[in-house]
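Residue strings, one per chain:
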There are 2 protein chains.
Amino acid sequence: MCTFVDMSPKSSASLKGGTNPKISEATVSRLPAYFRALSQLADAQQIRVSSEELAALTGVSSAMLRKDLSHLGSYGTRGVGYDVEFLRYQISREMGLNHDWSVVIVGVGNLGRALAHYGGFGSRGFRVVALVDADQTLIGTKVKCGAEGKTVELLVHALSDLEEVIKETNARLGVVATPEQSAQAVCDRLVKAGIRSVLNFAPVYLTVPEGVDVRKVDLASELQILAFHEQRKAV
Amino acid sequence: MCTFVDMSPKSSASLKGGTNPKISEATVSRLPAYFRALSQLADAQQIRVSSEELAALTGVSSAMLRKDLSHLGSYGTRGVGYDVEFLRYQISREMGLNHDWSVVIVGVGNLGRALAHYGGFGSRGFRVVALVDADQTLIGTKVKCGAEGKTVELLVHALSDLEEVIKETNARLGVVATPEQSAQAVCDRLVKAGIRSVLNFAPVYLTVPEGVDVRKVDLASELQILAFHEQRKAV
DNA sequence: GACGATTTGTGCTTTTTTGCACAAATGTGT
DNA sequence: ACACATTTGTGCAAAAAAGCACAAATCGTC
């Protein structure tokens, strides 16, 4: 959608074109936060931002922020700071968010439905294109997707049609929001159908072949980690 | 609830009693996974487990697992492995899961409701004791909490009653599931009401005073990280 | 056009985390 | 009682991440 050709304040600068050879995992995990903060600033019409300010908005140190950004390229101006729109665009390009990613959600229970409704996706480069579930009473029903703005109604497809649905919608990202028991089987089928990036909400470790990425979000784990620290405070 | 006195296979062993002085953050972040896997094994009646097996179930190397566990104490038996129930209990004790933690959820939208329904909490040391929202049309309504087994209906309280609700329910953990715009204000009030551990689902960095822990779960960020790697694969 | 105030980008150091390899401890079988 | 097969616990090395401090670059002003 974005068709930037040159929105750089210094178009002849030595920009590292294309994707960068090696960005550390720690840096990658922080890029989304930078991207979000920059989007916020852009919405608020702010033109420039310093590393100090952006760092405060994302909870990292300014030095770390600068080092992270330096891995993408030299996009700031000494004595001035960073151009909000420009930096935002560079990060989005680096992360592949300049085009939309199609997402298939497997498991349309409470969590799956909440994910489908989640407004943050659309505005951040993702589009839920398919819903799949094994529950006969859900299959064929329609579920609203996306938050205010543009909501779309999506049909819930049968789990048995998973491969076909993925092929038709060209989904690249799979979300597993099924019960623990079926998560691994669902994941196997996603992989078989060509999905190589999986976001797992089921509380199990998913085994996948090499070349497939899995990220896990475990609500209980997060609370347990908090509980651990909370317990320490009591002493 | 648990009133273990001695379930150790070697009761006279030199157990490091109480909480341990220093466990690295990386280790803490993995303990929930070990705990979950051990619970699974216990459900399946398995008595013993080797570091190799438990590591495979949680996606870490066996060496790392052993080192992690060694920070809690020497709970294994060389040549044999670990006693499933015993190790599970030791981890739960170390993490403070031998008693329930009361959780207040602020924001009863799709996500908040999904969290309330989430079955994983009850079985892992947490109990949702209060729901709070600012939406007049939701206040006073009842929401089912907990999954199959024992569900409880909870009244949605007004945001203005937040402090009172926390006091009455004695909640220690706060979950922020509000829109981005109100997250910081809600967090401030949680902290003022005495909450020192916050789980944040809103896509903003929350600023809190020292001594308060915040953990963030950002669905869009996780997908973006996946997208980043996915893009790399294409090349 | 030079000066001072900023703010980035980065070399270097310190800390944290991971990985390796093996001695120490346990159970088994003879 | 002893040799042997396991499997843990851990010292040490390597790698990754975070933090510090400052030189280099830029802007505004005189």
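Structure shown above.
Colleague: When you look at the nonpolar core in this model, what are you seeing that I'm missing?
Modeller: Here is a general trend for soluble globular proteins: nonpolar side chains tend to be buried in one another's company. Core analysis: the largest hydrophobic core is formed by 106 residues, its most contacted members being I91 and L131 of chain A together with I91 and L131 of chain B. Excluding residues that lie within four positions of it along the chain, I91 of chain A makes contacts with L31, Y34, F35, L38, L69 and L72 of chain A.

Colleague: Would you mind showing me how to read the pattern of salt bridges here?
Modeller: Pairing is possible between side chains that carry opposite charge, provided their charged atoms lie close to one another. One pass over the full model with this rule turns up 21 salt bridges over all chains. With a closest N to O distance of 3.0 Å, E230 of chain B and R172 of chain A form a salt bridge. Note that E230 of chain B is positioned in helix α8 (residues 219-234) and R172 of chain A in the loop between α6 (162-169) and β8 (173-176), a pairing that runs across two chains. We classify E230 of chain B as buried; its relative accessible area is 2%. E94 of chain B serves as the salt-bridge partner of R232 of chain A, at 3.0 Å between the closest nitrogen and oxygen. Linking R232 of chain A in helix α8 (residues 219-234) with E94 of chain B in helix α4 (residues 84-94), this pair reaches from one chain into another. Residue class for E94 of chain B comes out buried when judged on its relative accessible area of 2%. Because the salt bridges share partners, they merge into one network encompassing R172 and D213 of chain A together with E230 and K233 of chain B.

Colleague: Could you clarify how one ought to interpret the interface of chain A and chain B in this entry?
Modeller: As a measure of interface size, the accessible area lost when the parts come together is often cited. Between chain A and chain B, the contact holds 66 residues from the first and 66 residues from the second. Carbon and sulfur atoms supply 62% of the area buried between chain A and chain B, which totals about 6,100 Å² over both sides. The largest per-residue losses of area from chain A upon contact with chain B belong to L223, Q224 and L226 of chain A, which jointly make up 11% of the total buried on that side. Applying the counting criterion to the chain A and chain B interface returns 10 salt bridges.

The rules we used
- Residues numbered from 1 in each chain as written.
- Chains lettered and ligands numbered in written order.
- Predicted model: local features only at pLDDT ≥ 70, side-chain atom pairs only at ≥ 80, totals over all residues.
- Heavy atoms only, no water.
- Core = buried A, V, L, I, M, F, W, Y, C linked by side-chain atoms within 4.5 Å.
- Buried < 20%, exposed > 50% of the residue type's maximum accessible area, 1.4 Å probe, protein only.
- Contact = heavy atoms within 4.5 Å.
- Salt bridge = Lys/Arg side-chain N within 4 Å of Asp/Glu carboxyl O.
- Helix = DSSP H or I, 4+ residues; strand = E, 2+ residues; numbered from the N terminus.
- Buried area = accessible area lost by both parts, 1.4 Å probe.

Fair warning: the whole summary comes from geometry, so function is off the table for now.
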